[in-house]
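This is what each chain is made of:
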Amino acid sequence: KAQVSGVSSSPNPQPASAQASTMPAEDIPKLRWLVFGCGGVGGYFGARLAQQGQEVSFMARTATLAALQKHGVRIKSICGDLTVPPEKLGALIDTGALGKAQAEEPSAKKAKIADVFEADVIVLGCKAWEAERCLAMCRPWCGKDTLVLPLQNGVEGFDKVKNIVTSWGIGHALAGCCNIVSAIQEPGMIRHWAADPPYITFGEFEGEPSAKTKQVQSIFENCPGMAGHLELEAMPKIWEKFAFICSTTAVGAVSGPIATQDVIGNTPELQQLWRICMMEIITLARSYGLKYEDEWLENRVNMLKQAVGATTSCSRDLWAGKPSEVDDLLGSVVRMGKEKGVPTPSISTLFTTLLMREKLARSETELPIYPLLEGQKVLGTICNHKGQQLPPQWTREQKKAEDFKRPEWFICPMSSCILSGGNVEVPAGVEMAWEVELGVVINKACANVSKEQAMDYVGGYCVVLDMTGLSIGFEQMKYGLSWTRNKVTASFKPVGPFMKASQVADPENLTLICKVNDKEVTRDTTKLMKFTIAEQIADASALTPLQRGDILLTGAGSLGKLELGDIVEGFIEGMDSKYTVRAKMVAAKSSL
């Protein structure tokens, strides 16, 4: 790597094997770092800084904060695994508690917030659309000479970060970005599987690097598992990365998870579309007077081909139904193109195709939910009606509903479900039973939701026939194991039409009716649920992340036997009959 006074002039990162430094440990500067976020970016680079011997504090919340406090930060990486135990970290700051103090003056917050120190460097490891809010939380730790290093994707946000820091009258903002393919494997654990080594590109907005900025570069040079590129002209390199991440997201997110970066690079049609997107952004960069060397494009093609299994974080967020950076990336290209008179037809078209996903994730639009198309799974509660008791012949310990301290679940893939009007295919020799239940349909991705916020994630409801195989699967329950075969067999979950949440005034005061061959066999009520819908969502989302279209079954108050040929109906008393779920019991076709 060509260097001039510690400043990189090469667009190409070093291989990991070239990262060893000859600087004696005692000569490496020791700084205090405050890293906002412990995700794929902040968690990885923060851990590498701590590994080098820097004092690193993290700002995190809820499950991530708890994991850091218990285990420290853990890295699973192609550059070497790493665990930094909590005693080797600096202060761990609860952003949840800190956010409650945002209405107070910064000086008052300093007096009330524990673990406030003057950071030498503040690293913003959050998403681009969160940067302004996260930066405000970091304000109490900013001192006169603190450097603020943003690592968000995108270029529109730099002026905002710079202006906010300038308005404080203290601190100094840098321009920065990073190159890494990583994600949260579990709270406090980061998995890094492409980009060897990951690197941070940074520099001054104007002028020569300050003495402290050069100190940061010398630290990066001596961190294992990463590199640092201090640029005399940072913005061209940041735009180089911006063009790559935008084009890769545009093509990859629209094409779907199968279109990983290596697939894009090695598929002629996809690579051609990617090149067209790149050229639109390169032309836009040049319209701002920024340099973009032709060889950089070919270097990125080679990187694409070698990035086996890699996808952008924005793509993964879009696929998962989470708020993403798509507006900060593709949307900003469209806006800047209009401002500069530079056509961006391909980026604009691909951005438009992704926009509805983003609006749904941010609750900016409301559309009917189709669980069998959009959802991944069904979670059903066990023994959730007051007064119920699991049958003694099926359980190791007889449990009443009142004995459960939290909901107990079984889980089915969405492939177990069928639309109303279909056939329940009964395997030979299996005795079947009906249960009619209220299904709660999730409207957007969520995890670890509080009871207070849980109902915000309800998009609507449906009636579900929770068909149960009485003669299969229960044997394992005698040994304290969960049931599976009697619940998840294909076609055992007929699902009724979707009802918007606004159509159901009080979901915890409904009467569900089941009919077999047009004869009423039960009238259950949701008033008898032991756990409320909010409690069920909170518990289920802590157990596993929920996606748009997932269904939570709230439990049945009764069940009854069925025979082949029976027609079963389930509905809510007083609701339009179009929301009734129906199914016919038929013999499963032979697999031979």
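Residues numbered from 1 in each chain as written. Predicted model: local features only at pLDDT ≥ 70, side-chain atom pairs only at ≥ 80, totals over all residues. Heavy atoms only, no water.

Participant: Got a minute to help me understand the overall build of the protein in this structure?
Facilitator: Within the protein, the secondary structure is distributed over 17 helices and 29 strands. For the protein, buried positions account for 55% of its 592 residues. Long-range pairs, those at least 24 residues apart, make up 75% of the contacts in the protein between residues at least 6 apart in sequence. Here the protein has roughly 25,600 Å² of accessible surface; of this, 51% comes from carbon and sulfur atoms. (Helix = DSSP H or I, 4+ residues; strand = E, 2+ residues; numbered from the N terminus. Buried < 20%, exposed > 50% of the residue type's maximum accessible area, 1.4 Å probe, protein only. Contact = heavy atoms within 4.5 Å. Areas by Shrake-Rupley, 256 points an atom, 1.4 Å probe, with all protein chains shown as cover.)

Participant: Help me understand the sheet that holds strand S21 (residues 468-469) in this model?
Facilitator: Within a sheet, adjacent strands bond to each other through the backbone by hydrogen bonds, running parallel or antiparallel. Strand order in the open sheet formed by 3 strands is S21-S18-S27, and the pairing between neighbours is antiparallel. Of all the strands in the sheet, just S21 and strand S27 (560-562) have a single pairing partner and so form its edges. By the bridge criterion, 3 bridges tie strand S18 (residues 432-434) to S27 in an arrangement that is antiparallel. Bridge pairing in S27 links tryptophan 434 to glycine 560. (Pairing = 2+ DSSP bridges.)

Participant: Is there a simple way to think about the packing of aromatic side chains in this case?
Facilitator: Here a ring pair, both rings aromatic, is described through the centre-centre distance and the interplanar angle of the planes. According to the stated counting rule, one finds 8 aromatic pairs in the structure shown. A centroid spacing of 5.8 Å and a plane angle of 45 degrees characterise the contact between tryptophan 239 and tyrosine 288, whose relative ring orientation is tilted. Here the residue tryptophan 239 occupies a position in helix H8 (residues 234-255), and tyrosine 288 occupies one in the loop between helix H10 (268-287) and helix H11 (294-306), the gap between them amounting to 49 residues. Residues tyrosine 292 and tryptophan 296 carry aromatic rings whose centres are separated by 5.3 Å and whose planes lie at 70 degrees to one another, so their mutual orientation is edge-to-face. Tryptophan 296 matches tyrosine 292 in its accessibility class, with the two residues each being buried. A connected cluster of aromatic rings, assembled from ring pairs, spans Trp33, Phe202 and Phe220. Lying over the aromatic face of phenylalanine 117, arginine 32 brings its terminal NZ or CZ to 4.1 Å of the ring centre. Directly above the ring of tyrosine 288 sits lysine 340, whose terminal nitrogen or CZ lies 4.7 Å from the centroid. (Phe/Tyr/Trp six-rings, centres within 6.5 Å; stacked < 30°, edge-to-face > 60°. Lys NZ or Arg CZ within 6 Å of the ring centre and 35° of its normal.)

Participant: What is the right way to read the pairing of strand S19 (residues 436-442) from this model?
Facilitator: Remark: a regular strand shows side chains that alternate across the two faces of the sheet. With respect to burial, S19 is a largely interior element, 7 of its 7 residues being buried. By the alternation rule, side chains of S19 split into Val436, Leu438, Val440 and Ile442 and Glu437, Gly439 and Val441, which are all buried. Of the pairings in the sheet, the one linking S19 to strand S20 (residues 458-465) comprises 7 bridges and is antiparallel in character. Pairing of valine 441 across the sheet is with glycine 460, part of S20. As paired strands, S19 and strand S26 (residues 551-553) are joined by 3 bridges and run antiparallel to one another. Bridging from a neighbouring strand, valine 440 pairs with leucine 552 of S26.

Participant: What exactly am I supposed to notice about the nonpolar core here?
Facilitator: Where a protein is soluble and globular, its nonpolar side chains tend to be buried together. Ranked by internal contacts, the top residues of the largest apolar core, which has 43 residues, are Trp239, Phe242, Trp274, Ile281, Leu330 and Ile347. At the level of secondary structure, the elements contributing two or more residues to this core comprise strand S11 (175-186), H8, H10, H11, helix H12 (313-320), helix H13 (326-340) and helix H14 (345-361). Sorting elements by how many residues they give to this core places H8 first, with 11 residues. Beyond its immediate chain neighbours, meaning those up to four positions away, isoleucine 347 contacts Ala250, Cys277, Glu280, Ile281, Leu330, Val333 and Val334. Among the nonpolar cores identified, the runner-up in size contains 42 residues, and Trp409, Val504, Leu552 and Val568 belong to it. (Core = buried A, V, L, I, M, F, W, Y, C linked by side-chain atoms within 4.5 Å.)

Participant: Sorry, what's going on with the side chain of histidine 385 here?
Facilitator: Mapped onto the elements, histidine 385 comes out in the loop between strand S14 (377-381) and strand S15 (409-413). Residue class for histidine 385 comes out buried when judged on its relative accessible area of 5%. One polar contact links the side chain of histidine 385 to the main-chain carbonyl oxygen of threonine 525, over a distance of 3.4 Å. (Polar contact = N/O pair within 3.5 Å; in protein donor to acceptor, adjacent residues only side chain to side chain.)

Participant: Even after reading the chapter, I still don't get the environment of valine 181, so can you show me in this structure?
Facilitator: Of note, valine 181 is situated in strand S11. Look at valine 181 and you get buried, because its relative accessible area is 10%. As for valine 181 and aspartate 196, which are separated by 15 residues in sequence, their C-alpha atoms are 9.3 Å apart. Those residues in contact with valine 181 that lie beyond four places of it in its chain are Arg191, His192, Trp193, Ala194, Ala195, Ala310, Thr311 and Arg316.

Participant: I'm lost on the side chain of threonine 260 in this one. Help?
Facilitator: Within the fold, threonine 260 resides in the loop between H8 and helix H9 (261-266). In this structure threonine 260 touches Gly309, Ala310 and Thr311, once residues within four positions along its chain are discounted.

Participant: Please clarify how the pattern of salt bridges should be interpreted in this entry.
Facilitator: Counted under the stated rule, the structure contains 23 salt bridges. Its salt-bridge partner being aspartate 550, residue lysine 377 comes within 2.6 Å of it at the nearest N-O pair. Of this pair, lysine 377 sits in strand S14 while aspartate 550 sits in the loop between helix H17 (533-543) and S26; the two residues are 173 residues apart in sequence, bridging distant segments of the chain. Given a relative accessible area of 0%, aspartate 550 falls into the buried group. Between arginine 523 and glutamate 520 there is a salt bridge, with its nearest N and O atoms 3.4 Å apart. (Salt bridge = Lys/Arg side-chain N within 4 Å of Asp/Glu carboxyl O.)

Participant: Hey, could you run me through the packing of H8 against H11 in this one?
Facilitator: To describe two helices that pack against each other, one gives the angle between their axes and the distance between the axes. Closest axis-to-axis distance for the H8/H11 pair is 11 Å, and the angle between their directions is 45 degrees. One finds that H8 runs oblique with respect to H11. Of the two elements, H8 crosses H11, and the hand of that crossing is right-handed. Contacts between H8 and H11 involve Pro236, Lys237, Glu240, Lys241, Phe244 and Thr248 on the former and, on the latter, Trp296, Arg300 and Leu304. (Axes fitted to C-alpha atoms, helices over the stretch in contact; angles between N-to-C directions. Parallel < 35°, antiparallel > 145°, perpendicular 65-115°, else oblique. Left-handed = near helix turned anticlockwise from the far one by under 90°.)

Participant: Whenever I open this one, the pairing of strand S3 (residues 32-36) confuses me. Can you help?
Facilitator: For S3, a buried count of 4 out of 5 residues is recorded, marking the element as mostly surrounded by other parts of the structure. Summarising the sheet, S3 and strand S4 (residues 55-60) pair through 5 bridges and their orientation is parallel. Its bridge partner lying in S4, arginine 32 is registered against glutamate 55. A crossover connection joins S3 to the parallel S4 through helix H1 (residues 42-52); in handedness this β-α-β unit is right-handed. Examined bridge by bridge, S3 and strand S8 (residues 119-124) share 4 bridges and lie parallel to one another. When the sheet's bridge partners are listed, tryptophan 33 is paired in S8 with valine 121. (Right-handed = clockwise from strand over helix to strand, strands pointing away.)

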